[in-house]
Amino acid sequence: MSDAVDETAELVMASNALNINIGTPSGHATEAMRKAIKTACELGKPVALDPVAVGATKLRRKLIEDLLRAGTPTIVRGNLTEISVFAGLEWGGKGVDSGADLQDPGEIVRKAAQNLGCCVVGTGKTDYASDGVRLFSIMNGHPMMTRVTGMGCVATSIAAAFLAVQPIPLMAAVHAMALVGIAGEWAAERAQAEGPGTFRVKFLDSFDRLELGNFASANAREIS
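In what follows, the accompanying structure is described. (Residues numbered from 1 in each chain as written. Predicted model: local features only at pLDDT ≥ 70, side-chain atom pairs only at ≥ 80, totals over all residues. Heavy atoms only, no water.)

Core analysis: the largest hydrophobic core is formed by 35 residues, its most contacted members being Ile75, Ala129, Leu170, Met177, Phe199 and Phe203. Looking at this core, the elements that each hand over two or more residues are strand E6 (119-123), strand E8 (135-138), helix H6 (151-163), helix H7 (169-191) and helix H8 (196-209). With 16 residues, H7 is the largest single contributor of residues to this core. Excluding residues within four positions of it along the chain, Leu170 makes contact with Cys119, Ala129, Ser130, Asp131, Arg134 and Phe136. Residues Ile20, Ala40, Ala113 and Tyr128 belong to the second largest nonpolar core, which totals 28 residues. (Core = buried A, V, L, I, M, F, W, Y, C linked by side-chain atoms within 4.5 Å. Buried < 20%, exposed > 50% of the residue type's maximum accessible area, 1.4 Å probe, protein only. Helix = DSSP H or I, 4+ residues; strand = E, 2+ residues; numbered from the N terminus. Contact = heavy atoms within 4.5 Å.)

This next bit is on the sheet that holds strand E3 (residues 75-79). In space, the 7 strands of this open sheet follow the order E1-E2-E3-E6-E7-E8-E9, with mixed pairing throughout. What marks the edges here is a single partner per strand, and that holds for strand E1 (18-21) and strand E9 (220-222). Adjacent strand axes in the sheet meet at a mean angle of 15° when their direction is disregarded. Strand direction decides the pairing type here: strand E2 (residues 47-50) and E3, joined by 2 bridges, are parallel. Bridge assignment links Leu49 to a residue of E3, and that residue is Val76. Most of the contacts of helix H2 (residues 27-43) go to E1, to which it runs at about 150°, and overall it touches E1 and E2. This element, helix H5 (residues 105-116), spans E3, E6, strand E7 (127-130) and E8 of the sheet and lies at about 35° to E7. (Pairing = 2+ DSSP bridges. Axes fitted to C-alpha atoms, helices over the stretch in contact; angles between N-to-C directions.)

In this section: the packing of H2 against helix H3 (residues 58-70). With their axes 8 Å apart at the nearest point, H2 and H3 run at an angle of 25° to one another. Classified by the interaxial angle, the pair formed by H2 and H3 is roughly parallel. Crossing handedness for the pair H2 and H3: right-handed. Contacts between H2 and H3 pair Thr30, Met33, Arg34, Ile37 and Lys38 from the former with Leu63, Asp66, Leu67 and Ala70 from the latter. (Parallel < 35°, antiparallel > 145°, perpendicular 65-115°, else oblique. Left-handed = near helix turned anticlockwise from the far one by under 90°.)

The next point concerns unusual backbone geometry. The backbone of Ala53 shows a phi angle near 50°, a positive value even though the residue is not glycine. You can see Ala53 is positioned in the loop between E2 and H3. The class of Ala53 is partly exposed, set by a relative accessible area of 21%.

Everything listed here is a matter of coordinates, which is why it stays silent on function.
Pasting the structure below:
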């Protein structure tokens, strides 16, 4: 939660996992991010990275390049447009160039994982997670989730939380995305026709209300 450079190393030392989100970059924040990922990697602590709109501006592209030079994250989670950049596809306008072949999102995620050398999650109607070799699809969630700002940021923070207790990054990623999807289903059922404002509150409530039985609806499978 902090972007104060002077306390970054101490906070990383006190944490079980690090979550970096580049959504609102600033001069002091970007310096804190670089120091944080460098410290975490030196200490062997897991890192979740959210490359928000990585292809949209030169500043964001350079920031991600700097962060990757400072240390390799454990999980990179973004929407398919963001993850496609790491798979070598070109960003055009507000998203990946329309001429790019996005017909196989799972393979895009796997290619990004191979290029980055870490576990990658690409989220959308179906979420995909890969370590560069194995590939999983996670088909939980609800369309209402696309109408609330910040769902992806929440997903990355949940992935970081799972990394704190699950030593296998790919399993942490799959379990985290299943949890977020199930939380969305739970919230949508209770929000019913009220709209995205009510859904947002119910979604937050879900993290306190979900029980083990809810996970019987987890829809994750290994593709290859």
